[in-house]
Amino acid sequence: MDIASFEKRLFEHLEKESLILTPVNVGFALNIDANDAVTLMTALVENNRLALVSGTGTSAVYKQVGHATYETTPGTQSVLPKKSSASLYQLLLNVFIPGLGALIYKRFGFWAVLTVLFGAAVAMIVFLPSLGKLFSILMFVVWYLVTILGSIYYYMKDPWAQDKQLRPGD
């Protein structure tokens with residue numbers, strides 16, 4: 001394969017999908033031998049169409065000249081910071097025993113809302129006539145949904161991780 005057809009096929013392939021530019025990957029994508037890809041990619045480096053990043057031979061890594069790479073921006077993280085275990089425990093406690101996670105992890109406003117909803121559901125069972133007691137089932141469903149959604153909110157917000165940043169040594 002000559003260098004012009006190789007270059008054309010390679011850049012057409014790179015327009016369609018991203019590819020880590022190693023001779024093995026390019027050889028597989030273009031259905032050519034990896035050793036042939038090494039010589040052809042070396043020729044593209046000499047023509048300033050590719051730049052050698054690291055390595056030699058079939059373990060070399062190249063990048064396209066004049067194109068952005070898919071690396072992270074300096075100073076940013078490529079993954080989200082990890083959640084504190086307290087946020088997960090609070091979520092699990094509230095799923096299995098609604099309100100307990102809010103009480104243990106000192107979310108008293110959330111706990112008060114859950115207690116009022118639970119009390120209203122129990123009061124409906126005790127004080128309403130038999131047909132009205134069916135609405136208490138709806139109130140229990142609302143109570144449980146508020147518990148789950150509030151727990152997920154606190155899990156996503158993770159206020160306990162902020163506390164750990166303020167106290168070094170924990």
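Think of each chain on its own: its residues are numbered from 1, step by step along the sequence as written. With pLDDT at 70 or above as the cut-off, local features in this predicted model cover only qualifying residues; side-chain atom pairs require 80 or more to be listed or tallied, and sums for whole chains, interfaces and linings still use all residues. To obtain the side-chain values, all non-hydrogen atoms of the structure were included, while hydrogens and water were left out.

Participant: What is the right way to read the pattern of salt bridges from this model?
Facilitator: A pair can form between side chains of opposite charge whenever their charged atoms are brought close. Salt bridge criterion: a side-chain nitrogen from Lys or Arg within 4 Å of a carboxyl oxygen from Asp or Glu. Applying the stated criterion across every chain yields a total of two salt bridges. Here Arg-49 ties to Glu-7 by a salt bridge, and the two come within 2.4 Å at their closest N and O atoms. Of this pair, Arg-49 sits in the loop between helix 3 (34-46) and strand 1 (50-54) while Glu-7 sits in helix 1 (residues 3-16); the two residues are 42 residues apart in sequence, bridging distant segments of the chain. Relative accessibility under 20% of the residue-type maximum defines a buried residue, over 50% an exposed one, and the middle range a partly exposed one, all with a 1.4 Å probe and only protein chains included. You can call Arg-49 partly exposed: its relative accessible area is 38%. A relative accessible area of 18% places Glu-7 in the buried class. Here Glu-12 and Lys-8 are joined by a salt bridge, their closest N and O atoms 4.0 Å apart. Of this pair, Glu-12 and Lys-8 both sit in helix 1, four residues apart, which is roughly one turn of that helix. Strands here mean DSSP runs of E at least two residues long; helices mean DSSP runs of H or I at least four residues long; both are numbered from the N terminus.

Participant: Just checking my understanding: could you explain the packing of aromatic side chains for this structure?
Facilitator: Aromatic ring pairs are reported here in terms of the distance separating the ring centres and the angle at which the planes meet. Stacked, tilted and edge-to-face are the three classes applied to pairs of Phe, Tyr and Trp rings, where Trp contributes its six-membered ring and a pair requires centres within 6.5 Å; stacked means planes under 30 degrees apart, edge-to-face means over 60, and tilted covers the rest. A complete count under the given rule lists five aromatic pairs for this structure. Taking 5.4 Å as the distance between ring centres and 65 degrees as the angle between the ring planes, the aromatic pair formed by Tyr-153 and Tyr-154 counts as edge-to-face. What makes Tyr-153 partly exposed here is its relative accessible area of 48%. Tyr-154 gets classed as buried once you look at its relative accessible area, which sits at 15%. Put simply, the rings of Phe-110, Tyr-153 and Tyr-154 pair up and form one aromatic cluster.

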